[in-house]
Amino acid sequence: QYSPESVAGADGELDPTAVTFPGCPCRSSSCAAPECPCLSRGHNYSSQGLRLAELQEQPFSRPVFECNSLCCCGEGCQNRLVQRGLRLRLQVFRTRSKGWGVRALQPIPRGSFVCEYAGEVLGFAEAQRRTQAQSPQEPNYIIAVREHLHDGRVMETFVDPSRVGNVGRFLNHSCEPNLFMVPVRVDSMVPKLALFAAADISAGEELSYDYSGRFCNFPGASREDKPLEEENSLRKPCYCGSCTCASFLPWDSSLFSTP
């Protein structure tokens with residue numbers, strides 16, 4: 001079932017459409033920092049999208065909060081980007097060795113928002129149950145995103161587009177990707193998993209991101225495990241073809257192991 005944005009999963013634990021953030025009082029057509037409380041919470045957009053230079057200069061990523069449905073600013077506010085959804089021409093196509101993939105049908109400038117990775121937002125227990133119910137031959141679309149807060153807490157988001165999702169579910173992994181994922185919050189603490197262009201992308205180029213989250217993160221930030229030999233049967237080979245290819249798709253055993 002196609003859905004342009006994430007929906008509550010079967011466990012009903014998290015509702016991504018719930019509005020729990022207060023709105024900003026800004027009356028201008030486009031909010032500006034530092035007056036806007038939404039913008040003062042974290043990272044801000046430029047006219048082209050994310051300011052990548054700022055991301056790369058900082059030792060950690062700042063959160064992104066867009067203006068929401070309770071804000072007084074207009075729909076044309078520069079701080080409303082991911083919530084507007086897909087605006088680019090993309091194509092799902094059959095690749096030579098990786099199954100389905102997605103390519104751009106137009107040039108995409110660096111820093112541009114491309115699409116959301118949308119699906120069912122699940123709690124940990126349901127994400128683990130679904131993962132363990134799959135056979136090694138089945139494709140696994142569940143993504144686990146961990147945000148490490150300054151006080152040591154870790155926020156986890158699990159999104160499964162297997163049954164409900166959008167074009168993002170067809171994006172392939174690459175060890176040298178041209179997209180990267182950023183959790184963007186609009187109405188509540190449940191983030192939209194937004195994919196942005198890491199470089200200028202040409203028309204016809206396949207779009208990909210690093211499933212492990214290594215891109216724009218310190219080494220080891222993804223908590224990707226080195227699996228035991230007996231777990232290699234669960235791993236899937238990587239066919240990205242880059243010169244730095246790790247041979248296998250990223251591995252995170254947390255959804256496979258029993259507490």
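What counts, and at which threshold
Residues numbered from 1 in each chain as written. Predicted model: local features only at pLDDT ≥ 70, side-chain atom pairs only at ≥ 80, totals over all residues. Heavy atoms only, no water. Helix = DSSP H or I, 4+ residues; strand = E, 2+ residues; numbered from the N terminus. Buried < 20%, exposed > 50% of the residue type's maximum accessible area, 1.4 Å probe, protein only. Contact = heavy atoms within 4.5 Å. Areas by Shrake-Rupley, 256 points an atom, 1.4 Å probe, with all protein chains shown as cover. Phe/Tyr/Trp six-rings, centres within 6.5 Å; stacked < 30°, edge-to-face > 60°. Lys NZ or Arg CZ within 6 Å of the ring centre and 35° of its normal. Pairing = 2+ DSSP bridges. Core = buried A, V, L, I, M, F, W, Y, C linked by side-chain atoms within 4.5 Å.

Caption draft 1: Focus on the overall build of the protein. Of the regular secondary structure elements, the protein holds three helices and 14 strands. Relative to its full complement of 259 residues, the protein shows a buried share of 44%. The contacts of the protein with a sequence gap of at least 6 include a subset with a gap of at least 24, amounting to 68%. In the form shown here, the protein has an accessible surface area of approximately 13,400 Å², with 52% of it arising from carbon and sulfur atoms.

Caption draft 2: Representation of unusual backbone geometry within the structure. A cis geometry characterises the amide bond from Ala33 onward to Pro34, with omega recorded as 5°. Here Pro34 shows up in the loop between strand E1 (7-8) and helix H1 (37-40). Phi angles above zero are rare outside glycine, and Ser247 is one such case at about 80°. Here Ser247 is to be found in the segment after strand E14 (206-209).

Caption draft 3: Spotlight on helix H3 (residues 124-133). Every buried residue of H3 is accounted for by Glu126, Ala127, Gln128, Arg130 and Thr131. As for H3, its buried residues are in contact with strand E8 (120-122) and strand E10 (154-160).

Caption draft 4: Region of the structure containing the packing of aromatic side chains. One pass over the full model with this rule turns up seven aromatic pairs. A centroid spacing of 5.7 Å and a plane angle of 55° characterise the contact between Phe124 and Phe158, whose relative ring orientation is tilted. Of this pair, Phe124 sits in helix H3 while Phe158 is found in strand E10, placing the two residues 34 residues apart along the sequence. Exposure remark for Phe158: the relative accessible area of 3% places this residue in the buried category. Site record: aromatic cluster; members linked through ring pairs are Tyr45, Phe113, Phe180 and Phe196. The ring of Trp100 carries the charged tip of Arg94 above its face, separated from the ring centre by 4.9 Å. Across the ring face of Phe170, the terminal group of Arg169 is positioned such that the distance to the ring centre comes to 5.1 Å.

Caption draft 5: Representation of the pairing of strand E12 (residues 179-185). For E12, a buried count of six out of seven residues is recorded, marking the element as mostly surrounded by other parts of the structure. As judged from the two bridges shared by strand E4 (residues 64-65) and E12, these two strands associate in the parallel manner. Of the residues in E12, the one forming a bridge with Phe65 is Arg185. Two elements, E12 and strand E13 (residues 192-197), share six bridges in a ladder whose sense is antiparallel.

Caption draft 6: Highlighting the nonpolar core. The biggest cluster of nonpolar side chains holds 22 residues, and the ones touching the most others in it are Leu90, Ile108, Val114, Leu171, Leu179 and Leu207. Considering each element in turn, this core owes the most residues, three residues, to E13. Discounting chain neighbours no more than four positions away, the residues touching Leu207 are Leu90, Val102, Arg103, Ala104, Ile108, Val114, Leu171, Asn172, Asn178, Leu179 and Ile201.

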